[in-house]
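Here are the chains, one letter per residue:
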Amino acid sequence: MSVNDRTRISSLIYKIEEKISFFTDNPVISLFVIGVIALGIRVLFFEPEIPIRQDANAYFWYAMDMSILKYFPVSAHANDGWPMVLSGIFSIFNFSTYLDYTILQRITTMIISVVTIIPIYYLARKFFQPSYALVGAALFVFEPHIIQNSLLGLTEPLYIILGISAFSLFLSENKKLMYCSFGIIAFSTLVRAEGIILFGILAILFFVFNKRNKKIISKFFIAIFIFIIIFGSMTAIKANANNDGLESTSALNIVRWAANPITGNEEIKTDVVVNGIETLSKRIAQSMIPYFALFVPFGLILLLRDENKNKLLIIVSIVIYLIALVRMLSIVSDLRLMLILYPLFAILSLYTIQYLTQKLELKKIFLVLIIGGCLILSFYFLYSDNNSEYEKEVIVFANYMVDNVEVSNNFYPESGLVYGAWVSSNLNFPSLSYSVEYSGPELLDYVKNSYDYLEKEAESVEEYIILSREQGLTHLVVDGTDKRSSYFNDLFYNEKKYSYLTKEFDSTKQGYKQYKVKVFKIDYRDFDSTLRK
């Protein structure tokens, strides 16, 4: 390569560096570009024909009732914040189908997830220069678990944006904004009961950051008052609507979450802690994939060496929330509980990225390359984990269930689409939840008059049928996956052993490519004669 060619390439590189400087000097434009790309990714992986499931359906009906009635409806659901926001959005539109409203619900969470880059940017600015803060916002919004969650219509996007906004305001030099953070945390606690942990974190940090202030107690009471006014008012309204005291509110939900089953003998406590730590370890490892694992561990070391007093927010938040997660994950092992920590993982990552790039002459080019590399890793993860064709076949099967099955075993998570299939084909909207009488397939979970899981209590197909017979069991649905009991998998692979079961559906024979499932109808006369032998 000639000297002139090298000069031209060098000149081009420096021009690119200057162009990038335009974006770092104009964070509003940069955040807009990052947001557009992030929304585009979400749209790319959005499957509008796939209905929402379980929890999302509960929020949907709560919001639908509220949008029609214009007041708090009677509901056993404790997390009121997300349905309140969603009901306001539903009231603007006038759709006639269930699917249209659920698409709106999911689009809303997608937008909220993308807009979260704004408070994350301002939080990161408390620690880093604008160019690094922009990288932090990108690392969060391009994270594949965050992208996947934003497509589900659940509470996490709203919970995260509220929590991170509160943290950002708490670190503001404007003390009035610091008080506002407690109001935001109050609303986040209405969105998810775990918001009370964020309140505890801010309460501790309030004393740490204001320990030299002689009026600290009176100021803290102001913060507490703001929290109580917002949280208490909404709790009182909900309790009055249901006329059940605090039974259906977040307040009682918090108490139950904190107490049960920690209170008890030492053996129970030990089991809870061991199970929680084991699950937490797995979820932390899972949450680091695909790119946080490259940055977070070393970033944590650099954070501890940082002299910025704001680092206490990151340290205290992670420590307290991880301790609380031991309790939460001992009951529910869902990765969703970890998502509130992702903005903090992004900031920890910035410590590593700053360490690697701060002495480079072409620092901004390398920052863009890091964002591009993370974006590629995210795409690879999302495409590898994408099962849209499988989901579409599950929807087709769910419609078969609606038309042909009365009562069957629950085959979660695939069974979660059965309700959506029934609603889509049987209801016109807007409709109130209490005016809807579900007539679709009943999916059995528990032994009659108990909370013991049928599938765990039984040790064979025969025992399952005996335990379920009084509840009207007519069919068995088996798919041979590791999510099912061994005896159901034996039925899937050795159906000829079960003479009292008549196969009515086999997805392979129906042309399904991804979802392998069989449906058997129970002949109780043959079953009884088999047992007598």
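In this report, we go over the structure that sits alongside the text. Only a predicted model underlies this, so the values are computations on that prediction, with no experimental measurement involved. (Residues numbered from 1 in each chain as written. Predicted model: local features only at pLDDT ≥ 70, side-chain atom pairs only at ≥ 80, totals over all residues. Heavy atoms only, no water.)

**Considering unusual backbone geometry**
Here the amide bond leading from Ile289 into Pro290 is cis, since omega sits at 10 degrees, within 30 degrees of zero. In this structure, Pro290 sits in the loop between α14 (266-287) and α15 (292-305). The residue after Tyr412, namely Pro413, is reached through a cis peptide bond having omega 5 degrees. Relative to the helices and strands, Pro413 resides in the loop between β1 (407-409) and α20 (416-426). In this model, Lys70 sits at a positive phi of 70 degrees, which is unusual for a non-glycine residue. With respect to the helices, strands and loops of the structure, Lys70 is situated in the loop between α3 (54-69) and α4 (81-90). Phi at Asn449 is positive, roughly 60 degrees, even though this residue is not glycine. (Helix = DSSP H or I, 4+ residues; strand = E, 2+ residues; numbered from the N terminus.)

**Observations regarding helix α10 (residues 175-191)**
In an α-helix there are 3.6 residues to a turn, and that puts residues three or four apart on one side. With 17 residues, α10 should cover 24 Å at 1.5 Å per step; its first-to-last C-alpha distance of 25 Å lies within 8% of that length. Counting buried positions along α10 yields 13 of 17 residues, so the element is predominantly enclosed. For α10, the N-terminal cap is Asn174; the gap from its side-chain oxygen to the backbone nitrogen of Lys176 is 3.0 Å. (Expected span 1.5 Å × (residues − 1). Buried < 20%, exposed > 50% of the residue type's maximum accessible area, 1.4 Å probe, protein only. Polar contact = N/O pair within 3.5 Å; in protein donor to acceptor, adjacent residues only side chain to side chain.)

**Some points on α4**
The buried fraction of α4 amounts to 7 of the 10 residues, a majority that puts the element mostly inside the structure. For α4, the set of buried residues is Gly81, Trp82, Pro83, Leu86, Ser87, Ile89 and Phe90. Those residues of α4 that are buried lie in contact with α3, α5 (98-115), α9 (156-170) and α10. (Contact = heavy atoms within 4.5 Å.)

**A closer look at the nonpolar core**
The nonpolar side chains of soluble globular proteins are, as a tendency, buried together. If you look at the biggest cluster of nonpolar residues, it comprises 148 residues, and the most contacted ones within it are Phe142, Phe170, Tyr321 and Phe397. With 10 residues, helix α16 (residues 311-329) is the largest single contributor of residues to this core. Leaving out residues up to four positions away in the same chain, Tyr321 has contacts with Tyr159, Glu194, Ile197, Leu198, Ile201, Met328, Leu337, Ile340 and Leu341. Val407, Leu454, Leu476 and Leu501 belong to the second-largest nonpolar core, a separate cluster that totals 22 residues. (Core = buried A, V, L, I, M, F, W, Y, C linked by side-chain atoms within 4.5 Å.)

**Section: the environment of Tyr464**
Relative to the helices and strands, Tyr464 resides in helix α22 (residues 461-468). The class for Tyr464 is buried, based on a relative accessible area of 2%. Linking Tyr464 and Asn409, residues 55 residues apart in sequence, is a C-alpha distance of 9.1 Å. Once residues within four sequence positions are removed from consideration, Tyr464 is found in contact with Asn409, Asn410, Leu444, Leu454, Glu455, Ala458, Leu473, Leu476, Tyr487 and Phe488.

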